[in-house]
Every structure is written in C-alpha cells, then in structure tokens.
Amino acid sequence: QVQLVESGGGLVQAGGSLRLSCAASGRTFSDYAMGWFRQAPGKEREFVAAITWSGASTAYADSVKGRFTISRDNTKNTVYLQMNSLKPEDTAVYYCAAKLTHCPSRDDYQYDYWGQGTQVTVSS
C-alpha cells in the first residue's frame, strides 16, 4: 500500500508561481514512476506531467510544457511540480499518482495509487 499526500496548492495571480509537493509513504519510493494530473470543474481529469523512477526522464502535457517542471527526491520520498507563469486555465485540483513500474504513463488508469488532491486557483 502507498499513501500520497499533496501540499502546496493555493491562490495565486496569473503569471505567478507555485510548487506542489507530494510525499509518499508505505513502499520503496524508487519502485515506482510518478505522475501529476489535474481536474477542473466540469472537466475530465487530465495528464500534466510524469517522471520515471530515477528522475532521468520526464513527460509533459503540451499545455504546460515550458512552464511546469516535475522532479523527485528519492531520499525524501517526494515528487514536486514547479509551476511558473500560471494562467487562469491552470485552475484545478491537482493530484499526484504512483505507478508501480519504473516507466510513467499519460493514462490515469495505469496508476495504482492517488493522493487526495490540492486546489490550485489562478486569478486573472
């Protein structure tokens, strides 16, 4: 069993930055790839970013490429999402997820564990 707890969400003005954290417990953190997803009101959950178990490879949705950076610290059992140049359309609940293989995925159904989510609101 893996427990994931997100933090770092909040209210920010357009153009601002936030850093989300996701702390994991329950299994060896480096056993799994990690992803960030988001869900805006009235919309389906969508892929944001993912990272391999080692951090050597990452992937991003086109909508956040160049603005968001995913990283992980396996010594702290934590994955991060640095969000810069935020836009109102980035407003959503952000979820981290763990996939019990080394390779990440853009598909949410391939992830095994999910956090409770953290709200990010970007005002215009």
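I will try to describe carefully the structure that is included in this document. Just so we're clear, the structure is a prediction, and the values are computed from it rather than from any experiment.

Basis of the calculations
- Residues numbered from 1 in each chain as written.
- Predicted model: local features only at pLDDT ≥ 70, side-chain atom pairs only at ≥ 80, totals over all residues.
- Heavy atoms only, no water.
- Disulfide = S-S within 2.5 Å.
- Helix = DSSP H or I, 4+ residues; strand = E, 2+ residues; numbered from the N terminus.
- Buried < 20%, exposed > 50% of the residue type's maximum accessible area, 1.4 Å probe, protein only.
- Polar contact = N/O pair within 3.5 Å; in protein donor to acceptor, adjacent residues only side chain to side chain.
- Contact = heavy atoms within 4.5 Å.
- Core = buried A, V, L, I, M, F, W, Y, C linked by side-chain atoms within 4.5 Å.

Comments concerning the state of the cysteines
- Across all of its chains, the model carries 1 disulfide by this definition.
- Sulfur-sulfur distance for the disulfide between Cys22 and Cys96 comes to 1.9 Å. Around the S-S axis, the bridge from Cys22 to Cys96 shows a dihedral of about 45° and counts as right-handed. With Cys22 in strand 3 (residues 18–25) and Cys96 in strand 9 (residues 92–99), this residue pair connects regions lying 74 residues apart in the sequence. The burial state of Cys22 is the same as that of Cys96; both residues are buried.
- Here Cys103 stays free of any disulfide, with the sulfur of Cys96 as its closest cysteine sulfur at 19 Å.
- Using a relative accessible area of 52% as the deciding quantity, one classes Cys103 as exposed.

Quick look at unusual backbone geometry
- Positive phi is not limited to glycine here, since Asn77 has a value of about 55°.
- Considering the arrangement of structural elements, one finds Asn77 in the loop between strand 7 (68–73) and strand 8 (78–83).
- You can call Asn77 partly exposed: its relative accessible area is 27%.

Looking at the side chain of Asp90
- By secondary structure assignment, the location of Asp90 is in the loop between strand 8 and strand 9.
- Reaching out from Asp90, the side chain makes a polar contact with the side chain of Arg38 at a distance of 2.9 Å.
- Setting aside anything within four residues of it in sequence, one finds Asp90 in contact with Arg38, Arg67, Phe68, Ser85, Val120 and Val122.

Observations concerning the nonpolar core
- Counting 36 residues, the largest nonpolar core has Leu4, Met34, Trp36, Leu81, Met83 and Tyr94 as its most contacted members.
- Sorting the residues of this core by element identifies strand 3, strand 4 (33–39), strand 5 (46–51), strand 7, strand 8, strand 9 and strand 11 (118–123) as the ones contributing at least two each.
- Not counting chain neighbours up to four residues away, the residues in contact with Tyr94 comprise Glu6, Leu20, Trp36, Phe37, Arg38, Val48, Phe68, Leu81, Met83, Gly117, Thr118 and Val120.

Regarding the environment of Gln116
- In this structure, Gln116 sits in the loop between strand 10 (113–114) and strand 11.
- Along the backbone, Gln116 and Glu6 are 110 residues apart, and their C-alpha atoms lie at a distance of 7.0 Å.
- Sequence-distant contacts of Gln116, that is, excluding residues within four places in its chain, are made with Leu4, Val5, Glu6 and Tyr95.

Some remarks on the side chain of Arg67
- Along the chain, Arg67 falls in the loop between strand 6 (58–60) and strand 7.
- A polar side-chain atom of Arg67 sits 2.9 Å from the main-chain carbonyl oxygen of Ser63.
- A distance of 3.0 Å separates a polar atom in the side chain of Arg67 from the backbone oxygen of Ser85.
- Residue contacts for Arg67: discarding those within four places in its chain leaves Gln82, Met83, Asn84, Ser85, Leu86, Lys87 and Asp90.

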